[in-house]
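Summary of the model geometry
As a plain string of letters, each chain reads:
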Amino acid sequence: MKPFVDFYSANEIAPVRQDISDRQRHFQRRIALYRHLGIPTALIAGRSVIEFGPGAGHNAIVTASFKPARYLLVDGNPASLKATREILAQERAQNCEVVSSYIEEFKSDERFDIVLCEGVIPFQIDPGAFARHVAGFAKPGGIVVVTCIDGISFLGESTRRLLADTLVPFKAPPAERLSQLRTVFEPHLKTLKGMSRLVDDWMYDNILVPYSGNLFSLKDAIEALSDANDVYGVSPHFFTDWRWYKDVWGDQSRYNERGIGEYLTNILNLADYRVMMESQPPEKGGRVLRKAEALFLQMRGMENAGNLEGLDSAVSLVREIADEINPVSDLTGKSLREVAAAIEQRGNANLSVALPNFQSFFGRGQQYVSFIRRA
Ligand SMILES: C[S@@+](CC[C@H](N)C(=O)[O-])C[C@H]1O[C@@H](n2cnc3c(N)ncnc32)[C@H](O)[C@@H]1O
């Protein structure tokens, strides 16, 4: 069982297309992302880059435009490989090679200045081992970029999936679910001004794709890679370090330990992009994270079993999370309570009136994190 690839191949899709008709905006956004990760474009020019899981290649054309000396792209889904090859050819991108391989089976003695793996590791069966494999292709002193999704940043999706499961059974054919659920979720997506993803692709990739694998939090990523890598940048860009640089050496560097601390104190902000919440004690962040992870597992279990047994405990978890977050963000608490009430009605909720706060509730998306591979 290969997460993503089996589902994409079976449905002959690469559901990560973006509307890049405003090319300048697309390029500027990618540059902004690289900036958060500590990668100015001059750091890509003339360097070697490997990208795992380029999807439809829309992001790869931006990386290629910075003229790496070598750009190797690895994907295991035929539709992704085709789309990536086509778009790179259209752009007349130089020095690119697209190879077909499962990522975890990819082998090479070559080491790269930059390793990119975006939107691939969360939901793999063993995300930590997957990340270590990928990071191993970086040269000493090179940069590794991975993405993370944790239970809190996924609350918008976990709750939408639960709602979807009460409306159209998870085991119904994906195309049928898509046509019935599009009308429910399209208005939600329309509230997102910066959205460049196509609606159906978002649906495939967030609501319809089955999950056999696991979440991968920023803490999981740091812990998985800390033996050979130090955390460097993050997007959203919430790491701060007020230490005098002369105090940052040897065992005192503690980049990874500090990164986990910053993450746990800021984590509630991943839940709801509409609000900025005050930093919280890391114990609170950790407690909400565990509940949100439990919610994901409950949802995954029900979907894979093909029934709604356990829906009541999922609803209780949503309410517990709402109670935890409510003192810090009333809007987030209200939104979660609304969706809990709608899920509880098992398909009988009047969704057009029931979700005024929830419909624009989305997390801050996946988190990107860069690491420097220790020399
Ligand atoms: C969700 S898409 C992300 C695409 C792109 N990086 C982006 O962020 O828009 C995941 C991509 O990784 C590929 N992929 C996922 N797991 C893989 C695996 N185990 N081996 C090879 N390719 C994989 C999928 O085929 C798909 O193209």
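We now turn to the structure provided with this report. Given the structure is predicted, the values throughout are model-derived calculations rather than measurements.

1. Some words on the overall build of the chain
Tallying secondary structure elements over the chain gives 14 helices and 7 strands in all. Its C-alpha radius of gyration of 20 Å places the chain within 12% of the 21 Å reference for a compact globule of 375 residues. When the backbone C-alpha atoms are referred to their principal axes, the chain occupies close to 60 × 50 × 35 Å. For the chain, buried positions account for 54% of its 375 residues. Sequence-distant contacts, at least 24 apart, represent 76% of the contacts inside the chain between residues at least 6 apart. Taken as a whole, the chain presents about 16400 Å² of accessible surface, with 51% of it coming from carbon and sulfur. Of the side chains in the chain, 43 bear a positive and 46 a negative charge, and the two mean positions are spaced by 4 Å.

2. Quick word on the environment of Ala349
Looking at the secondary structure, you find Ala349 in the loop between helix 13 (330–344) and helix 14 (351–354). For the pair Ala349 and Leu297, spaced 52 residues apart in sequence, the C-alpha separation works out to 24 Å.

3. Focus on the site of the ligand
Neighbouring residues of the ligand: 23 residues in total, closest Gly53, Asp75, Ile103, Glu104 and Glu118. Between the ligand and Gly53 there is a distance of 2.7 Å, counted from a nitrogen atom to a backbone nitrogen or oxygen. The class makeup of the residues in the shell around the ligand is 10 nonpolar, 9 polar and 4 charged.

4. Overview of the packing of helix 7 (residues 174–190) against helix 8 (residues 199–208)
One can describe the packing of helix 7 onto helix 8 by two numbers: an axis separation of 9 Å at closest approach and a directional angle of 110°. Between helix 7 and helix 8, the interaxial angle falls into the category roughly perpendicular. Listed contacts from helix 8 to Pro174, Ala175, Arg177, Leu178, Leu181, Arg182, Phe185, Glu186, Leu189 and Lys190 of helix 7 are Val199, Asp200, Trp202, Met203, Tyr204, Ile207 and Leu208. Of the residues assigned to the contact of helix 7 with helix 8, the class counts are 12 nonpolar, no polar and 5 charged.

5. Notes on the pattern of salt bridges
Counting across every chain of the model gives 27 salt bridges. A salt bridge links Arg182 to Asp200, with the shortest nitrogen-to-oxygen separation between them at 2.8 Å. Residue Arg182 is located in helix 7, and its partner Asp200 is located in helix 8; the two are separated by 18 residues in the primary sequence. Between Arg243 and Asp241 there is a salt bridge whose closest N-O contact spans 2.9 Å.

6. So, the packing of aromatic side chains
This structure, assessed with the given rule, holds 16 aromatic pairs. Seen in terms of ring centroids, Phe52 and Phe106 are 5.8 Å apart; in terms of plane orientation they differ by 75°. Their pairing is edge-to-face. Residue Phe52 is located in strand 1 (residues 48–52), and its partner Phe106 is located in the loop between strand 3 (96–100) and strand 4 (112–117); the two are separated by 54 residues in the primary sequence. On the accessibility criterion, Phe52 (0% relative accessible area) is buried. When the ring of Phe358 is compared with that of Phe361, the centres are 5.7 Å apart and the planes differ by 40°; the resulting orientation is tilted. A relative accessible area of 0% means that Phe361 is categorised as buried. A network of ring pairs unites the aromatic residues Phe123, Phe154, Tyr211 and Phe296 as a single cluster. A cation over an aromatic ring shows up here: Lys2 above the ring of Tyr102, its NZ or CZ 4.7 Å from the ring centre. Above the plane of the ring of Tyr34 lies Arg30, whose end atom (NZ or CZ) is 5.9 Å from the centre.

What counts and what doesn't
Residues numbered from 1 in each chain as written. Predicted model: local features only at pLDDT ≥ 70, side-chain atom pairs only at ≥ 80, totals over all residues. Heavy atoms only, no water. Helix = DSSP H or I, 4+ residues; strand = E, 2+ residues; numbered from the N terminus. Rg over C-alpha atoms; globule rule 2.2 N^0.38 Å. Buried < 20%, exposed > 50% of the residue type's maximum accessible area, 1.4 Å probe, protein only. Contact = heavy atoms within 4.5 Å. Areas by Shrake-Rupley, 256 points an atom, 1.4 Å probe, with all protein chains shown as cover. Lys, Arg positive; Asp, Glu negative; His and termini not counted. Charge placed at Lys NZ, Arg CZ, Asp CG, Glu CD. Near = heavy atom within 4 Å. Polar contact = N/O pair within 3.5 Å; in protein donor to acceptor, adjacent residues only side chain to side chain. Nonpolar A, V, L, I, M, F, W, Y, C, P; charged D, E, K, R; others polar. Axes fitted to C-alpha atoms, helices over the stretch in contact; angles between N-to-C directions. Parallel < 35°, antiparallel > 145°, perpendicular 65-115°, else oblique. Salt bridge = Lys/Arg side-chain N within 4 Å of Asp/Glu carboxyl O. Phe/Tyr/Trp six-rings, centres within 6.5 Å; stacked < 30°, edge-to-face > 60°. Lys NZ or Arg CZ within 6 Å of the ring centre and 35° of its normal.

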